[in-house]
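# Coordinates in review
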Amino acid sequence: MSATQFYDVKLTYEDNYERGPFGDFAGLDKTPRSSKSYTGENTAQGSFDFFRQKVNTPFGIPAGPLLNEHFTTAAFRAGFDIATYKTVRSRAWGCNPFPNVLSVHPTSADGSLTANSPETIQGLLADTNFGEPSDISISNSFGVPSQDPDVWQPDMKKAIEQAGEGQLLLASFQGSRTADMTEEEYIADHVTAARLVVETGAKVLEMNTSCPNEGKGRLLCHNPELVGKITEAVKNEIGDIPLIIKLAYMADDQSVETMMRYTAVRQSVQGFATINTISAKLIDKNGNQALPGVGRETSGVCGAAIKKAGLDMVERVIRVQRSLGMNDKDCGVIAVGGVTSAADYVLYRQLGATAVMSATGAMWNAQLGEQVREIIAH
Ligand SMILES: Cc1cc2nc3c(=O)[nH]c(=O)nc-3n(C[C@H](O)[C@H](O)[C@H](O)COP(=O)(O)O)c2cc1C
């Protein structure tokens, strides 16, 4: 296994965008589509349903580490059957300054970080001593950068075309809140971004409502009524194409139910992808702010430390979905959070998840897609 991640955390975002992918993904995007076709023995090709598309395995990489077509194609060739193209916007958007990824070290006995962990407020040690792939936990601070649509649209189109048999490119987008924007303009910006994505030929869309966009510490998904308005407008634009919303961790069933009533129950949304990161105050070994710059006192934690929270949220979403008389055809669930092994994939599937994805775990173990294929085949 290569010591370098396919997204090299020691380089800037721009360097990764221009020169990546690295590590075990390096050069894989240049290999022909047929050279890494599915070879599972007992599982027929494309035998899993993923929002009306057939996929070889319901496993992939969520929005974030796959910056462009070079990354998504390499992910397909490496055996990840669902590759999510990093969240795009209706306009170009800059990236937070380097560094964007630090290792984090929760102190709880099982290494978990939950929304209630005291460290989220008191400070969580963050540095560059990255752990082992099996228990890797990081913080990522990018600010959801985006290329201009003139750049990402042709690139996303190519990315879609590079999917092999039983593979799918999931297209992630989000709205952009700018100063003095009215609510109508904000909703319209989501609609524009969705239309631009559909123009590339994307077959399933994911709308991110879980990155800080609404001012300090506030996420769009904390306002379910607004999410309801936005998804209704987006759905009117994209028609029959399935729409998934990406959600942050929610601590109680009522919040999930309210979100479901404003979205899936009204059929504007066909699935939830959850969780995104858990926000924590990051400190260095001297207790000072770990990431440089204003507004970066806190940052999102992902990887092994948030698996407990991910499992908790996925279980909650499925419980609420069933209590409302729905099933995964009405509101499918993409489980994300702390998946670092094929066994973690099994855990989430046993809860009833439609599909499972790994960001941090896959960055540190590029074989994870093949390992999940293996466990499904046997
Ligand atoms: C490097 C990196 C960049 C990310 N960027 C995005 C993003 O642009 N949009 C998004 O919805 N989530 C983004 N995420 C969050 C992931 O999709 C995922 O929800 C989170 O990392 C938890 O999964 P994990 O524990 O497998 O890492 C990013 C994660 C990482 C590691």
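Residues numbered from 1 in each chain as written. Predicted model: local features only at pLDDT ≥ 70, side-chain atom pairs only at ≥ 80, totals over all residues. Heavy atoms only, no water.

The protein appears in an unreviewed UniProt entry as Diguanylate cyclase from Alloscardovia theropitheci. In its Pathway (unreviewed entry) section, the UniProt record describing the protein reads: "Pyrimidine metabolism; UMP biosynthesis via de novo pathway." (UniProt positions renumbered as here; feature names shortened; annotations may be inferred.)

The next subject is the site of the ligand. The local shell around the ligand holds 22 residues, among which A63, K86, T87, G338 and T360 are the closest. Between a nitrogen atom of the ligand and a side-chain N or O atom of T87, the distance comes to 2.7 Å. One nitrogen or oxygen atom from the main chain of G338 is found 2.8 Å from an oxygen atom belonging to the ligand. When the ligand is considered free in solution it has 610 Å² of accessible area, and contact with the protein chains removes 98% of it. Elements represented by at least two residues in the shell around the ligand include exactly β4 (82–88), β7 (137–140), β13 (298–303) and α10 (360–364). Looking at the shell around the ligand, its residues break down into 10 nonpolar, 10 polar and 2 charged. (Near = heavy atom within 4 Å. Polar contact = N/O pair within 3.5 Å; in protein donor to acceptor, adjacent residues only side chain to side chain. Areas by Shrake-Rupley, 256 points an atom, 1.4 Å probe, with all protein chains shown as cover. Helix = DSSP H or I, 4+ residues; strand = E, 2+ residues; numbered from the N terminus. Nonpolar A, V, L, I, M, F, W, Y, C, P; charged D, E, K, R; others polar.)

On to the packing of aromatic side chains, then. Under the criterion given, the structure shown has 9 aromatic pairs. Each ring, one from F6 and one from F25, has its centre 4.2 Å from the other, and the planes form 10 degrees; the classification is stacked. Placement of F6 in the segment before α1 (13–19) and of F25 in the loop between α1 and β1 (48–50) is noted, with a sequence separation of 19 residues between them. Of the residues examined, F6 reaches a relative accessible area of 1% and is grouped as buried. Measuring from ring centre to ring centre gives 6.0 Å for Y13 and F142, while their planes differ by 65 degrees; the resulting arrangement is edge-to-face. Note that Y13 is positioned in helix α1 and F142 in the loop between β7 and α4 (149–161), a separation of 129 residues in sequence. Exposure remark for F142: the relative accessible area of 11% places this residue in the buried category. Pairwise contacts between aromatic rings join F6, F25, F59, F80 and Y345 into one cluster. The lysine or arginine in question, K86, covers the ring of F142, its NZ or CZ lying 5.4 Å from the ring centre. Cation over ring: R89 sits above W93, and NZ or CZ is 3.9 Å from the ring centre. (Phe/Tyr/Trp six-rings, centres within 6.5 Å; stacked < 30°, edge-to-face > 60°. Buried < 20%, exposed > 50% of the residue type's maximum accessible area, 1.4 Å probe, protein only. Lys NZ or Arg CZ within 6 Å of the ring centre and 35° of its normal.)

Turning our eyes to something else, we now look at the pattern of salt bridges. Taken as a whole and judged by the stated rule, the model has 18 salt bridges. A salt bridge links D49 to K54; its shortest N-O distance comes to 3.7 Å. Its relative accessible area of 32% is what places D49 among the partly exposed residues. Between E69 and K158 there is a salt bridge, with its nearest N and O atoms 3.6 Å apart. Residue E69 is located in helix α2 (residues 69–77), and its partner K158 is located in helix α4; the two are separated by 89 residues in the primary sequence. Here the salt bridges do not stand alone but share partners, grouping D253, D312, R316 and R319 into one network. (Salt bridge = Lys/Arg side-chain N within 4 Å of Asp/Glu carboxyl O.)

Our next topic: empty space enclosed by the protein. Once rolled over the atoms, a probe with the size of a water molecule shows which space is left empty. Overall, the coordinates contain 1 cavity of 30 Å³ or more when judged by the stated rule. Taken as a whole, the largest cavity spans an internal volume of roughly 70 Å³. The wall of the largest cavity is formed by Y13, Y17, L67, Y85, K86, T87, V88, P145, S146, Q147 and W152. Sorting the residues of the lining of the largest cavity by element identifies α1 and β4 as the ones contributing at least two each. (1 Å grid on protein atoms, 1.4 Å probe; cavity = no way out; pocket = protein on both sides within 12 Å on 5 of 7 lines; lining within 4 Å. Points joined across faces, edges and corners; volume = space filled by probe spheres on them.)

Membership of the largest hydrophobic core comes to 118 residues, with the highest contact counts inside it found for F25, F50 and F173. Not counting chain neighbours up to four residues away, the residues in contact with F173 comprise T87, V88, H190, A193, A194, V197, L205, E206, M207, N208, V234 and L243. (Core = buried A, V, L, I, M, F, W, Y, C linked by side-chain atoms within 4.5 Å. Contact = heavy atoms within 4.5 Å.)

In this section: the pairing of strand β8 (residues 168–173). Counted residue by residue, β8 has 6 buried out of 6 residues, so it is predominantly covered. Two elements, β4 and β8, share 5 bridges in a ladder whose sense is parallel. Bridging from a neighbouring strand, Y85 pairs with A171 of β8. Across 3 bridges, β8 lies against strand β9 (residues 205–208) in parallel orientation. (Pairing = 2+ DSSP bridges.)

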